[in-house]
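Structural overview
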Amino acid sequence: MNFPKLNIIGVMSGTSLDGIDLALVEFYFENNIIKFNLIDAKTVPYSNLWVEQLQSAYQASAQEYFKLHHQFGLLISQEIKSFTQHTSIPIHYIASHGHTIFHQPQLGFTTQMGCGATIAANTGISTICDFRSVDVAMGGQGAPLVPIGDRDLFAEHEACLNIGGIANISYTKQEKTSAFDICYANMVLNFLCHQLHLTYDDGGKIAQSGNVNEKLLQQLLDIQTHRQSLGRELFEEQIAPMLKASPISIEDKLSTCTEYTAHQIAQILHSENLQSVLITGGGAYNHYLIKRLTQLYKGKIHIPEKTIIEFKEAIIFAYLGYLRVNQLINTLQSVTLASANSIGGCIYFGNNVSKING
């Protein structure tokens, strides 16, 4: 394979609303195997205003939505310019996932806020965005997209588990890649922590101080979440009202929801006969959740270095961008259930395009 060495910034905003993850990654081929080098990475925390705006964006009018779409693109642009101001190496592309607001593939659409045209125009760097729409148009779920990166960049691990707002897993057996969302994770825990005026449960200490409520636990387990892709909709419609209605303490709710997440993950690891798993995402820092998972799951758990824990998804979206500009498949029908594999992503060219082609 003779594909160019490219430096790409991956941009990710997850459902847990921790902030904007930026990862500057170099991609190149060596002995026909794709390699990557993480040059720099940074998380930009959201202000309280942006957390509120992103959380409530699904209630916005069409005009308000597109105004915010543009403003969020400006925010991403500003943070990228700040991130790269001392970088001397050329940056060829930005690959921006954006922030998912609506994800309803059964109705034929998915939307991620953060206008790619705005980012390209304001940074001058060609920007790839809207990675999911082609797959949805082909009858797929538009998710998960990360598995192709797990397969190609982290092939030494039997399975890759990301515990973010939603816990999801991917693994490849007999050359077939499988992946799906397992359950809600930090989205639920952070929702409860906000009622204590905290952004998250540091290390799971509050959850550990509480007690598991068996009635609430069973109610949570009865909700079917083992789907191809989960969105905020099911959380808002079923889980949030259930938690609000429960009379138990926040500490007990956190303990119960942590148990729910650990139970669902362990069940999948066992049912899929996976003997080892790489864990990334913010949940890797939740020591109580990992402790419960270790007690429930008898396989080997590997927690990598901090940069991989925090930036693996941003690295992989940079990789999806690399595949897109080289016109290579970056979305797998085996995990999205689309009619075929596809090359997803819309490219808005910046004023650096002549430098790339030249």
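No experiment lies behind these values; they were computed from the predicted model shown.

How each quantity is defined
- Residues numbered from 1 in each chain as written.
- Predicted model: local features only at pLDDT ≥ 70, side-chain atom pairs only at ≥ 80, totals over all residues.
- Heavy atoms only, no water.
- Helix = DSSP H or I, 4+ residues; strand = E, 2+ residues; numbered from the N terminus.
- Rg over C-alpha atoms; globule rule 2.2 N^0.38 Å.
- Areas by Shrake-Rupley, 256 points an atom, 1.4 Å probe, with all protein chains shown as cover.
- Lys, Arg positive; Asp, Glu negative; His and termini not counted.
- Charge placed at Lys NZ, Arg CZ, Asp CG, Glu CD.
- Contact = heavy atoms within 4.5 Å.
- Pairing = 2+ DSSP bridges.
- Axes fitted to C-alpha atoms, helices over the stretch in contact; angles between N-to-C directions.
- Buried < 20%, exposed > 50% of the residue type's maximum accessible area, 1.4 Å probe, protein only.
- Salt bridge = Lys/Arg side-chain N within 4 Å of Asp/Glu carboxyl O.
- Arc of directions from axis to C-beta.
- Polar contact = N/O pair within 3.5 Å; in protein donor to acceptor, adjacent residues only side chain to side chain.
- Left-handed = near helix turned anticlockwise from the far one by under 90°.
- Nonpolar A, V, L, I, M, F, W, Y, C, P; charged D, E, K, R; others polar.
- Core = buried A, V, L, I, M, F, W, Y, C linked by side-chain atoms within 4.5 Å.

Digging into the overall build of the chain
The helix and strand inventory of the chain stands at 14 helices and 13 strands. In terms of C-alpha radius of gyration, the chain reaches 20 Å, essentially the compact-globule figure of 21 Å for 358 residues. Principal-axis analysis of the C-alpha atoms places the extent of the chain at approximately 65 × 50 × 40 Å. Surface summary for the chain: the accessible area is close to 15,800 Å², and the carbon and sulfur share equals 49%. Positive and negative side-chain charges of the chain, numbering 23 and 30 respectively, have mean locations separated by a distance of 2 Å.

As for the environment of His302
Positionally, His302 belongs in strand β12 (residues 300–302). Here the alpha-carbon distance between His302 and Thr280, two residues 22 residues apart in the chain, equals 9.1 Å. For His302, the contacting residues outside a window of four places in its chain are His157, Val277, Leu278 and Ile279.

Thoughts on the sheet that holds strand β2 (residues 19–30)
The strand order across the open sheet formed by six strands is β3-β2-β1-β4-β7-β13, and the pairing between neighbours is mixed. Across the chains shown, the open sheet's two edge strands, defined by having one partner strand only, are β3 (33–45) and β13 (346–348). With direction set aside, neighbouring strand axes in the sheet form an average angle of 25°. Relative to β3, β2 runs antiparallel, the two being bridged by 12 bridges. Of the residues in β3, the one forming a bridge with Asp21 is Thr43. Against the sheet, helix α3 (residues 116–123) makes contact with β4 (93–96), β7 (127–129) and β13, and its axis sits at roughly 165° relative to β7, the strand it touches most.

So, helix α11 (residues 287–296)
Buried within α11 are the following residues: Tyr288, Leu289, Ile290, Arg292 and Leu293. Where the residues of α11 are buried, they touch β8 (159–163), α7 (205–209), α10 (250–271), β11 (276–280) and β12.

So, the pattern of salt bridges
Across all of its chains, the model carries four salt bridges by this definition. Taking the shortest distance from any N to any O, the salt bridge between Arg292 and Glu259 comes out at 2.7 Å. Taken together, the residues Arg292 in helix α11 and Glu259 in helix α10 connect sequence positions 33 residues apart. For the pair Arg292 and Glu259, a shared accessibility class is recorded, and that class is buried.

Brief notes about the sheet that holds strand β10 (residues 176–184)
Taken together, the five strands give an open sheet; going across it, the order is β10-β9-β8-β11-β12, and neighbouring strands pair in mixed fashion. Here the strands that pair on one side only, and so sit at the sheet edges, are β10 and β12. Neighbour to neighbour, the strand axes of the sheet diverge by 20° on average, direction disregarded. For β8 and strand β9 (residues 166–173), the ladder comprises five bridges, and the chain directions are antiparallel. Each residue of the ladder has a partner; that of Cys160, found in β9, is Ser170.

Quick look at helix α8 (residues 214–222)
Looking at α8, one finds that the buried residues are Leu216, Leu217 and Leu220. Down the axis of α8, the sector holding all buried residues measures 100°, keeping them to one side. Summarising the geometry of α8, the exposed residues directed more than 90 degrees from the buried face are Glu214, Lys215 and Asp222. Those residues of α8 that are buried lie in contact with α9 (232–245) and α10. Where α8 begins, the side chain of Asn213 points an oxygen toward the backbone nitrogen of Lys215, at a separation of 3.2 Å.

Structural notes on the packing of helix α2 (residues 62–84) against α3
Relative to each other, α2 and α3 sit at 35°, their axes nearing to 8 Å. Both α2 and α3 take part in a crossing whose hand is right-handed. Contact with α2, carried on its side by His70, Gly73, Leu74, Ile76, Ser77, Ile80 and Lys81, involves Thr118, Ile119, Asn122 and Thr123 of α3 and no other residues of that element. Split into classes, the residues belonging to the contact of α2 with α3 amount to four nonpolar, six polar and one charged.

Regarding the side chain of Ser255
Tracing the backbone shows Ser255 in helix α10. In this structure, Ser255 is in contact with Ala207, Gly210, Asn211, Val212 and Tyr288, ignoring residues within four places of it in sequence.

Overview of the pairing of β4
Put simply, side chains in a regular strand alternate between the two faces of the sheet. Burial along β4 is two-sided: Tyr93 and Ala95 facing one way and Ile94 and Ser96 facing the other are all buried. Judged from the four bridges that link them, strand β1 (residues 6–13) and β4 form a sheet pairing that is parallel. Residue pairing for β4: Ile8 is matched across the bridge by Tyr93. One ladder, built from two bridges, connects β4 with β7; its direction is parallel. Paired with Ile94 across the strands is Thr127, a residue of β7.

Notes on the nonpolar core
With 50 residues, the main nonpolar core has Leu161, Ile169, Tyr184 and Ile239 as its most contacted residues. Per element, the largest residue contribution to this core is nine residues, and it comes from α10. Among the nonpolar cores identified, the runner-up in size contains 31 residues, and Ala95, Ile316, Tyr319 and Leu320 belong to it.

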